[in-house]
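# Results of the structural survey
Here are the chains, one letter per residue:
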Amino acid sequence: MRAVTIPSPGEPDALVLAEVDDPVPGPGEVLVDVVATAVNRADVLQRRGFYDPPPGASRYPGLECAGRVAALGEGVAGWAVGDEVCALLAGGGYAEKVAVPSGQLLPVPAGLSLLEAAALPEVVCTVWSNVFGLAALEPGEVLLVHGGTSGIGTCALQLASRHGARVFCTVGSAAKAERAVALGAERAVLYREEDFVDVVRTATDGKGADVVLDNMGAQYLERNVKVLATGGRLVVIGLQGGTRAELDLGRLLAKRASVHATALRARPTAEKAAIVESVLAGVWPAVEAGEVRPVVDRVLPLEQVAEAHRVVEASEHVGKVVLQVRDA
Ligand SMILES: NC(=O)c1ccc[n+]([C@@H]2O[C@H](COP(=O)([O-])OP(=O)(O)OC[C@H]3O[C@@H](n4cnc5c(N)ncnc54)[C@H](OP(=O)(O)O)[C@@H]3O)[C@@H](O)[C@H]2O)c1
């Protein structure tokens, strides 16, 4: 099969489409003929050599895909050859075939194409497990999402506003602010010009955010703790602004607030399967009802994977950049 390889880490042209061995599904795994995959920020880090796949994962990038079941490994029940599926992957989506634990498969939601479905698993599983699982966002609470038009952000804005939360986000431009508001944000803060602490506090009569979903890490830690409401939960899922910063425990203690830092990719298969099951029950009906939609910025053929990475790294996109691997 063909897969995107990274012979030596670097700029987007480090991604090389090559002929490689087909994966073989092990016990409990399903082999998927990949129709589409999507770019995640983590793939950019992997390409640059900063994010190795966890042990046992495919060495090719790609954390999600959609396609058709091609073969079943030993002991797999509930799926049949030819089923249209999408999947949460630990790697290997940028390829014509991928072997995936059967618990990480989801049916393609009714009404969605395979190209659209490829844009869902990673962001939905991340947002669902963190905002609604770990941070237990309640209706009426205030959520602040950094990077409101990222793949993650476009999903978080839709799910949280539909849940009845008041949703704020940060964005880098006025055009992105408009898109964020259309996706459910009450207010999008221009992070280059405005202070999100001031904006969120003012809009909430001084209360602040009950939950913050953060992609910036160190750079925003102090202000994220400042913006938290009493009992607030800061969930750090990205480290785009660095890994080390000072944490004012006094401020945290006074607010009875908490800070979590978490990543989905290296979680054990059983935990991922539990998240996928919960997504199927909690999110898929809303997707099928058209209340939550994948936001696809553009679809590029796998041959243009370097251009897809360039777009994502330059943050020219809103939502997801999808890579088409074969004809749908
Ligand atoms: N821990 C996990 O399990 C997990 C899983 C998936 C993703 N993630 C993380 O979640 C984040 C989003 O992932 P993605 O793939 O959706 O990324 P993405 O689409 O590439 O988006 C990156 C976002 O970062 C924003 N950004 C850049 N500088 C910023 C700043 N100073 N303040 C606020 N936002 C800023 C960009 O905003 P503008 O475009 O408006 O400038 C853009 O929305 C990444 O950090 C990724 O590593 C974590």
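See the structure shown above.
What counts, and where the lines are drawn
- Residues numbered from 1 in each chain as written.
- Predicted model: local features only at pLDDT ≥ 70, side-chain atom pairs only at ≥ 80, totals over all residues.
- Heavy atoms only, no water.
- Near = heavy atom within 4 Å.
- Polar contact = N/O pair within 3.5 Å; in protein donor to acceptor, adjacent residues only side chain to side chain.
- Areas by Shrake-Rupley, 256 points an atom, 1.4 Å probe, with all protein chains shown as cover.
- Helix = DSSP H or I, 4+ residues; strand = E, 2+ residues; numbered from the N terminus.
- Pairing = 2+ DSSP bridges.
- Axes fitted to C-alpha atoms, helices over the stretch in contact; angles between N-to-C directions.
- Buried < 20%, exposed > 50% of the residue type's maximum accessible area, 1.4 Å probe, protein only.
- Contact = heavy atoms within 4.5 Å.
- Salt bridge = Lys/Arg side-chain N within 4 Å of Asp/Glu carboxyl O.
- Patch = residues over 30% accessible without salt bridge, like charges linked within 9 Å, V, L, I, M, F, W, Y side chains within 5 Å.
- Disulfide = S-S within 2.5 Å.
- Core = buried A, V, L, I, M, F, W, Y, C linked by side-chain atoms within 4.5 Å.
- Arc of directions from axis to C-beta.
- Parallel < 35°, antiparallel > 145°, perpendicular 65-115°, else oblique.
- Left-handed = near helix turned anticlockwise from the far one by under 90°.
- Nonpolar A, V, L, I, M, F, W, Y, C, P; charged D, E, K, R; others polar.

## Observations regarding the site of the ligand
Of all residues adjacent to the ligand, which total 25 residues, the nearest are G172, K176, Y191, Y220 and Q240. Between the ligand and the protein, one listed contact pairs an oxygen atom with a side-chain N or O atom of R41 at 2.8 Å. With the chains in place, 90% of the 920 Å² that the ligand exposes on its own is no longer accessible. Elements that contribute at least two residues to the shell around the ligand include exactly α3 (121-134), α4 (151-162) and β9 (166-171).

## Focus: the sheet that holds strand β12 (residues 228-236)
Spatially, the six strands line up as an open sheet ordered β10-β9-β8-β11-β12-β13, and their pairing is parallel. Taken across any chain shown, the strands that pair with only one partner, and hence form the sheet edges, are β10 (187-190) and β13 (258-261). Looking at each pair of strands side by side, their axes are set apart by 15 degrees on average, direction ignored. In the sheet, β9 pairs with β10 via four bridges, with the strands oriented parallel. When the sheet's bridge partners are listed, F168 is paired in β10 with R187.

## Here's the deal with the side chain of R47
Examined against the element boundaries, R47 turns out to sit in helix α1 (residues 41-47). The exposure class of R47 is buried, given its relative accessible area of 0%. In this structure the side chain of R47 is engaged in a polar contact, spanning 3.3 Å, whose partner is the backbone oxygen of E11. Once you skip the residues sitting within four places of it in the chain, R47 turns out to touch I6, P9, G10, E11, P12, A14, L15, H309 and E313.

## Examining the pattern of salt bridges
Under the counting rule described, the total for this entry stands at 19 salt bridges. Residues joined by salt bridges that share partners form a network here, namely E11, R47, R48 and E313.

## Observations regarding a nonpolar patch on the surface
Together, L247, L249 and V259 make up a nonpolar patch on the protein surface, roughly 240 Å² of accessible area in all. For L247, a relative accessible area of 35% corresponds to the partly exposed category.

## Remarks on the environment of A209
Relative to the assigned elements, A209 resides in strand β11 (residues 209-214). Classification of A209 as buried rests on a relative accessible area of 0%. In the structure, A209 is positioned 41 residues away from F168 in sequence and 8.7 Å away in space, judged by C-alpha atoms. Once you skip the residues sitting within four places of it in the chain, A209 turns out to touch V142, L144, V200, V227, L228, A229 and G232.

## Examining the pairing of strand β4 (residues 64-72)
Where strand β3 (residues 29-38) and β4 come together, seven bridges link them in antiparallel fashion. For D33, the partnering residue across the bridge sits in β4 and is R68. Two strands pair when backbone bridges link them, and β4 and strand β5 (residues 84-88) are joined in this way by five bridges, in the antiparallel orientation. Bridge pairing links A66 to C86 in β5.

## Some details on the state of the cysteines
For the coordinates displayed, the defined rule picks out zero disulfides. Residue C65 stays outside any disulfide, its sulfur separated by 8.0 Å from that of C86, the closest cysteine. What makes C65 buried here is its relative accessible area of 1%. Just so you know, C125 is unpaired, no disulfide at all, and the nearest cysteine sulfur is the one on C86, 8.6 Å from it. Residue class for C125 comes out buried when judged on its relative accessible area of 0%.

## Describing the nonpolar core
Judged by nonpolar contacts, the single largest core of 57 residues is most densely connected at V279 and W284. Tallying contributions element by element places α3 first for this core, with seven residues. Counting residues in each nonpolar core, the second largest holds 27 residues, with V4, C65, V69 and V321 among its members.

## Describing helix α11 (residues 305-313)
Buried within α11 are the following residues: V305, A308, H309, V311 and V312. Viewed end-on, α11 has its buried residues packed into an arc of 160 degrees, placing them on one side of the element. Against β1 (2-5), α1, β14 (296-301) and β15 (320-324) lie the buried residues of α11. One or two residues past the end of α11 sits S315, with phi positive at roughly 55 degrees.

## Things to note about the packing of α3 against α4
At a minimum axis distance of 9 Å, the contact between α3 and α4 shows a crossing angle of 55 degrees. In terms of axis orientation, α3 runs oblique to α4. Of the two possible hands of crossing, α3 and α4 adopt the one that is right-handed. Contact with α3, carried on its side by V123, V124, T126, V127 and F132, involves G151, I152, C155, A156, L159 and A160 of α4 and no other residues of that element. Of the residues belonging to the contact of α3 with α4, the class tally is nine nonpolar, two polar and no charged.

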